[in-house]
Protein chains: 2
Amino acid sequence: MEKNPGENFCLRILEGALARHRPALLFLVQGESSTGVYQPLQGVGPLCRRYDCLLVVDTVASLGGVSVQTDQWEIDVIYSGSQKVLGSPAGLAPISFNSRALSKIESRKTPVSVFYWDVKHLSNYWACSGEPRKYHHTISSTLVSALREGLAIIAEEGLERCTARHSACAKRLHNGLRGLGLELFVEKEDARLPTITTVRVPANLDLKVLQDYAMKNYAIEIAGGLGPTAGQAFRIGLMGYNATTDKVDLALKAVREGIQHARKLQQTSKL
Amino acid sequence: MEKNPGENFCLRILEGALARHRPALLFLVQGESSTGVYQPLQGVGPLCRRYDCLLVVDTVASLGGVSVQTDQWEIDVIYSGSQKVLGSPAGLAPISFNSRALSKIESRKTPVSVFYWDVKHLSNYWACSGEPRKYHHTISSTLVSALREGLAIIAEEGLERCTARHSACAKRLHNGLRGLGLELFVEKEDARLPTITTVRVPANLDLKVLQDYAMKNYAIEIAGGLGPTAGQAFRIGLMGYNATTDKVDLALKAVREGIQHARKLQQTSKL
């Protein structure tokens, strides 16, 4: 399946691809961080079951920032990262398998070639195999404690309030960017990921000048595009701790001043 | 190659095995933590080169506690763990490849099946491929900073003084254990790993009682055996921060009292 960068997949396209390719597994990214695209997942799980296919979802850049209904949406395997919306240090990737995914794993005929990637071994290490735990590897206890704290902070706020906060901040950011005469990279409003906003690089703007300005004056890292958006877009991530009205306004200030600074440099060099 | 638990491999045995099996790779563990065995590495590198074989060495439980001369001993691939003698949090495994190992990697014909385990990709991520860095994954910066601090502490002490301290503490521990009438699991003195000491479980001693006593009264975890030493040995690790005279004496105190306690319980139950 291919789509233009900045667009997501609708159920009709997904069903067409499932019917044509009959895959064992469908992999979707709920929050696509290089394009800033939000992929809706409602209805995809039942489709996958109809075509006897597992649904695997990446929520690295989305979990905590948008609604994720793993069981209700019939997602078979889902994972995230500790260092994005969950606001913990990088280094951990929480993952979850449902019984459909587990039976697929149980019925594997070829052994997994990498010991550390064998979920059967890992399930024992994670103490969910029903057997006494065997030694496997030494996890980072500091990262586990930090992730627990990150989750506790979200639990204190309440998950729904947390996602609402991300959504409100994204709207404020989008409006502010348009107010600066900028164009959002993702055209359809409901395809925009609240946690990462992609902005079209205006014609004749030296993005590097904007990035350096924001870093030097506000310690804000404005990311360039990646893959299909390289050179075409810049990216503003507002998640977890950073998804506040103050941070939105600070980011907008940095962008506004950075663009003015870049324009001034251009005029000077033309003189 | 097989040896009785508690013994290491001499050059004659290693050469015999290299000549017989002609392996592409010889893997040795310098500090074997389940048996407390130290594997000398001097002379193994040249042997491996004679038989066109790579030498890969695990120094997880030894680096910092014993001498490791990677280049002088002609070790091709060597790795360790952050959480043992280096005294940093668990979660990182420093690894090093020499040019012989790199040419083996470069000449691979089958692609590596796991993206994250492909050293060619990783060398770019580690900024040592000579090419501009591509995105690969997000490492834990907190763990990297902590490892740097662990290494800085060793550098301040001086590596030779650090290994000498481990050696002196191990001797003090061994003498103390013998003074308690205990028998070391590794018979040959030069096969004993300074960082982890294995002790034969005395006849009729309930090891669980000793372990519980040490944990409850001194917050010292005395490990049981693993694999071939399970039930036969208990293990005392003294490394990094814990390799001090005070800690040796505390461990000996915990063992002495724990054994007395276990004996008393046994006598009581016999009455």
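Residues numbered from 1 in each chain as written. Chains lettered and ligands numbered in written order. Predicted model: local features only at pLDDT ≥ 70, side-chain atom pairs only at ≥ 80, totals over all residues. Heavy atoms only, no water.

With an unreviewed UniProt entry as reference, chain A is termed Aminotransferase class V domain-containing protein, source organism Timema shepardi. Turning to chain A, the UniProt record has this under Cofactor (unreviewed entry): "pyridoxal 5'-phosphate". What UniProt records for chain A under Sequence similarities (unreviewed entry) is the sentence "Belongs to the class-V pyridoxal-phosphate-dependent aminotransferase family." (UniProt positions renumbered as here; feature names shortened; annotations may be inferred.)

Q: Which residues make up the confidence of the model for chain A, and what values do they have?
A: Looking at chain A, pLDDT values average 95 and 100% of them are 70 or higher. Predicted as a complex, the structure gets a pTM of 0.90 and an ipTM equal to 0.85. (pLDDT = per-residue confidence, 0-100.)

Q: Kindly report on the interface of chain B and chain A, identifying the contributing residues and their values.
A: Opposite the 13 residues of chain B that make contact, chain A presents 13 residues. Buried area between chain B and chain A, both sides added, is near 1000 Å², and the carbon and sulfur share of it is 72%. Between chain B and chain A we count zero salt bridges in total. Across the contact surface, chain B and chain A share two residue pairs in polar contact (both at pLDDT 80 or more). Its residues placed into classes, the side of chain B that touches chain A shows seven nonpolar, six polar and no charged. (Contact = heavy atoms within 4.5 Å. Buried area = accessible area lost by both parts, 1.4 Å probe. Salt bridge = Lys/Arg side-chain N within 4 Å of Asp/Glu carboxyl O. Polar contact = N/O pair within 3.5 Å; in protein donor to acceptor, adjacent residues only side chain to side chain. Nonpolar A, V, L, I, M, F, W, Y, C, P; charged D, E, K, R; others polar.)

Q: Quick rundown of unusual backbone geometry? Include the residues and the values.
A: Residue and element names in this part refer to chain B. Backbone geometry places R22, a non-glycine residue, at a positive phi of 45°. Structurally, the position occupied by R22 is in the loop between helix 1 (11-21) and strand 1 (25-29). Note on R22: relative accessible area 55%, which makes it exposed. Within the chain, N204 stands out as a residue other than glycine whose phi angle is a positive 65°. Examined against the element boundaries, N204 turns out to sit in the loop between strand 7 (196-200) and helix 7 (207-218). Judged by its relative accessible area of 65%, N204 is exposed. (Helix = DSSP H or I, 4+ residues; strand = E, 2+ residues; numbered from the N terminus. Buried < 20%, exposed > 50% of the residue type's maximum accessible area, 1.4 Å probe, protein only.)

Q: With reference to specific residues and values, describe the pairing of strand 7 of chain B.
A: Residue and element names in this part refer to chain B. For strand 7, a buried count of four out of five residues is recorded, marking the element as mostly surrounded by other parts of the structure. Here strand 7 runs beside strand 9 (residues 233-237); their pairing, made up of five bridges, is antiparallel. Each bridged residue has a counterpart across the sheet, and for T197 the counterpart in strand 9 is I236. (Pairing = 2+ DSSP bridges.)

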